[in-house]
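# Observations on the model geometry
Take a look at the letters that make up each chain.
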Amino acid sequence: MTFSLHSRRFWLLTLAALLVAGLTFSLGQWQLRRAAQKESVQAAVNLKNSFAPLDEKALSATENLAFEVHRPAVLQGVWQSAHTVYLDNRPMSGRTGFWVVTPLLLQDTGQVILVQRGWVPRDFSDRIRLPEVVTPAERVTVEGRIAPPPSKLYEFKGVDTGRIRQNIDLTEFSKESGLDLFKDVSLLQTGAASNGLLREWPQPGLGVDKHYGYAFQWFGLCILVVFLYVWFQVIVPFRDSSRGPFRD
């Protein structure tokens, strides 16, 4: 094999190697930028978690509650148990069941916030049989953190009413129940299991580690392409040419 900088094959392979190496290097840098962005968001979440808890008066006085997501809150009020809803197909700790949500009428303000109270298992022998959940009638103090409304799953027609639902839309639920609900946020109740409810909520996380993993893979592929190019297009041809036409 003759080493030549003038062969068409050499320049085609050089161009291909440069394109692939440049692309994989750029993708690695993009993943690092995504990781940095998410680290910034995670830092903001951690900062919110460190703020003093909101009470019901501070909650009502806040103009844009969406900016208070992840902030702790300690609210006093009365459960509106007649409007408790069981959100179906919601897992916790690897088990399928319901998320139980109940509106809480806030003390002295007259406003209502939907509380994601916790998780209960499903009765697989009787789908419509609901587990016992204790809901005190007297005024209660609920600790939690401000959260977006409950996440939505794929919804079949006709499952958005009744006690068992796939999803809950706070605007529509406010009209249905006649309660003055906060529309943009809910309260994710935290603490140990109580009232028959499990509260092993996943901690807020943005998957920063996966971006570092992807970046490592792209940079590794870039290094591999450069190594293979140098080895097969530079070192091997140069070594063969230096031996001359005679081989052992």
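Residues numbered from 1 in each chain as written. Predicted model: local features only at pLDDT ≥ 70, side-chain atom pairs only at ≥ 80, totals over all residues. Heavy atoms only, no water.

### Some details on the pattern of salt bridges
So the rule is basically this: Only one rule defines a salt bridge in this text: a Lys or Arg side-chain nitrogen within 4 Å of an Asp or Glu carboxyl oxygen. By the criteria applied, helices consist of DSSP H or I runs no shorter than four residues and strands consist of E runs no shorter than two, each listed in order from the N terminus. Summary of the burial criterion: residues with accessible area below 20% of their type's maximum are buried, those above 50% are exposed, and those between are partly exposed, where the area comes from a 1.4 Å probe applied to protein chains only.
By the definition in use, this model includes five salt bridges. Across the pair Glu68 and Lys48 runs a salt bridge whose closest N-O atoms are separated by 3.7 Å. One end of the pair, Glu68, is in the loop between helix H2 (56–61) and strand S1 (72–79); the other, Lys48, is in helix H1 (residues 8–50), and 20 residues separate them in sequence. Under the relative-accessibility criterion, Lys48 is labelled buried at 19%. Assessed through its relative accessible area of 13%, Glu68 is described here as buried.

### Some words on the pairing of strand S2 (residues 85–92)
The cut-off we apply is this: When DSSP finds two or more bridges between two strands, those strands count as paired.
For S2, the buried fraction is high: six of the eight residues fall into the buried class. Across six bridges, the pairing between S2 and strand S3 (residues 95–106) is antiparallel. What sits directly across from Met92, in S3, is Arg95. Count of turn residues in the S2/S3 antiparallel hairpin: two residues, of which Ser93 carries a positive phi of about 55 degrees. As paired strands, S2 and strand S6 (residues 164–165) are joined by two bridges and run parallel to one another. Within S6, the position partnered with Leu87 by the bridge is Arg165.

### Examining helix H3 (residues 170–177)
Heads up, the condition is: This arc is built from the directions going out from the helix axis to the C-beta atoms. Throughout, a residue-residue contact means that at least one pair of heavy atoms, one from each residue, lies within 4.5 Å. Whenever two N or O atoms come within 3.5 Å, that pair is a polar contact, provided that in protein one can donate a hydrogen and the other can accept it, and provided that, for residues adjacent in sequence, both atoms are side-chain atoms.
Where H3 is concerned, the buried positions are Leu170, Phe173, Ser174 and Ser177. Taken end-on, H3 shows its buried residues confined to a sector of 105 degrees, consistent with a single buried face. Those residues of H3 that are buried are in contact with S2, S3, strand S4 (112–121) and S6. Residue Asp169 occupies the N-cap position of H3, its side-chain oxygen lying 3.1 Å from the main-chain nitrogen of Thr171.

### Examining the packing of aromatic side chains
Keep this limit in mind: When two rings of Phe, Tyr or Trp (its six-membered ring) have centres within 6.5 Å they constitute a pair, described as stacked for plane angles under 30 degrees, edge-to-face for angles over 60, and tilted for the intermediate range.
A full pass over the atoms with the stated rule returns five aromatic pairs. Note on Phe10 and Trp11: the rings are 5.2 Å apart at their centroids and 80 degrees apart in plane angle, and the pair reads as edge-to-face. Given a relative accessible area of 7%, Phe10 falls into the buried group. Each ring, one from Phe227 and one from Trp231, has its centre 6.4 Å from the other, and the planes form 15 degrees; the classification is stacked. Placement of the pair is Phe227 and Trp231 together in helix H4 (residues 208–243), with a separation of four residues, close to one helical turn.

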